[in-house]
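Notes for the structure review
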Amino acid sequence: MELARFLHGTADSRTAGQTIGHARAYEAFGAVFFGGRRRRVYTRLAELAGARPGDRALDVGCGTGYLTLRLADAVTPTGRAVGVDPSAEVLAHARRSAADRRHCTFTDGIAEELPAGDGEFDVVASSLMVHHLPEDVRERAVAEMRRVLRPGGRLLLADFRPPTGQVARHLVGAVTGPVMEHNPVHLLRPLVEQAGFTEVRTGDLRPWIHYVQAVNPGPSA
Ligand SMILES: C[S@@+](CC[C@H](N)C(=O)[O-])C[C@H]1O[C@@H](n2cnc3c(N)ncnc32)[C@H](O)[C@@H]1O
């Protein structure tokens, strides 16, 4: 059985996206997948998101809350970090991990209908989530990220960048499934531009991450 199929949770009627069901297995997989670099990579993602002390930061598709905790570290002491995910299993795990952090909370919700008010956040970040959404939902999800960002607020989208070598890519496909093997990360940038974000920049982080940074210029027309 592919690892992806094992990790995925029960269907959620609110989203066509694939949720994660086995939180502990996902954590173990994450540690192996990043080859000992996970903490470094996610700390860097929080930096790239532009999270600063005092900011209100949202992590969309937070899973077990690994990035949410890094955002919480960056916005402390006066800011707050919120993780959103539709999977009850990962949210329970995330809440346990953040039990001693009062400024880090987790909420049930989906990217395409975020449980947040207009302009409520200074920073919106999302890692390894977009590939879980069917293509026709991605536009809606990024529009929601813009809606909940204040004018001048910063976006960071990060997702899996498949290896360029054929053998390594097939290996990824065999372990994690075809979605990750063929993940079209180059489409993240146009997705963000079409949603009306400005100052769009892209980059890669070893071993597997492609990211897009952008700024919300203000309310959409
Ligand atoms: C591969 S995990 C990534 C988790 C975490 N961001 C990380 O980097 O470790 C993808 C997450 O997206 C969540 N997800 C799936 N569909 C979603 C949706 N429609 N809205 C928000 N999150 C969703 C899954 O439940 C899962 O926790």
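Residues numbered from 1 in each chain as written. Predicted model: local features only at pLDDT ≥ 70, side-chain atom pairs only at ≥ 80, totals over all residues. Heavy atoms only, no water.

In the annotation of an unreviewed UniProt entry, the entry for the protein reads Methyltransferase domain-containing protein, and the organism field reads Kitasatospora arboriphila.

Our next topic: the packing of helix α3 (residues 38-48) against helix α4 (residues 66-75). α4 packs onto α3 with a crossing angle of 55 degrees between their chain directions and a minimal axis gap of 9 Å. Comparing the axis directions of α3 and α4 gives the class oblique. Pair α3 / α4 crosses with right-handed handedness. Across the interface between the two elements, R38, R39, Y42, T43, L45 and A46 of α3 pack against Y66, L67, R70, L71 and D73 of α4. Per-class residue counts for the contact of α3 with α4 are six nonpolar, one polar and four charged. (Axes fitted to C-alpha atoms, helices over the stretch in contact; angles between N-to-C directions. Helix = DSSP H or I, 4+ residues; strand = E, 2+ residues; numbered from the N terminus. Parallel < 35°, antiparallel > 145°, perpendicular 65-115°, else oblique. Left-handed = near helix turned anticlockwise from the far one by under 90°. Contact = heavy atoms within 4.5 Å. Nonpolar A, V, L, I, M, F, W, Y, C, P; charged D, E, K, R; others polar.)

This part covers the pattern of salt bridges. A pair can form between side chains of opposite charge whenever their charged atoms are brought close. Tallying each qualifying case throughout the model produces 14 salt bridges. Across the pair D55 and R154 runs a salt bridge, and its minimum N-O distance is 2.8 Å. With a gap of 99 residues between them, D55 in the loop between α3 and β1 (56-60) and R154 in strand β5 (residues 149-160) connect regions that are remote in the sequence. For D55, a relative accessible area of 8% translates into the label buried. In this structure, E193 and R189 form a salt bridge, with 2.9 Å as the shortest nitrogen-oxygen distance. Residue E193 and its partner R189 are located together in helix α9 (residues 188-194), separated by four residues, close to a single helical turn. Since its relative accessible area comes to 38%, E193 is described here as partly exposed. For R189, a relative accessible area of 32% gives the class partly exposed. Taken together, the shared-partner salt bridges in this structure form one network comprising D118, R140, E144 and R147. (Salt bridge = Lys/Arg side-chain N within 4 Å of Asp/Glu carboxyl O. Buried < 20%, exposed > 50% of the residue type's maximum accessible area, 1.4 Å probe, protein only.)

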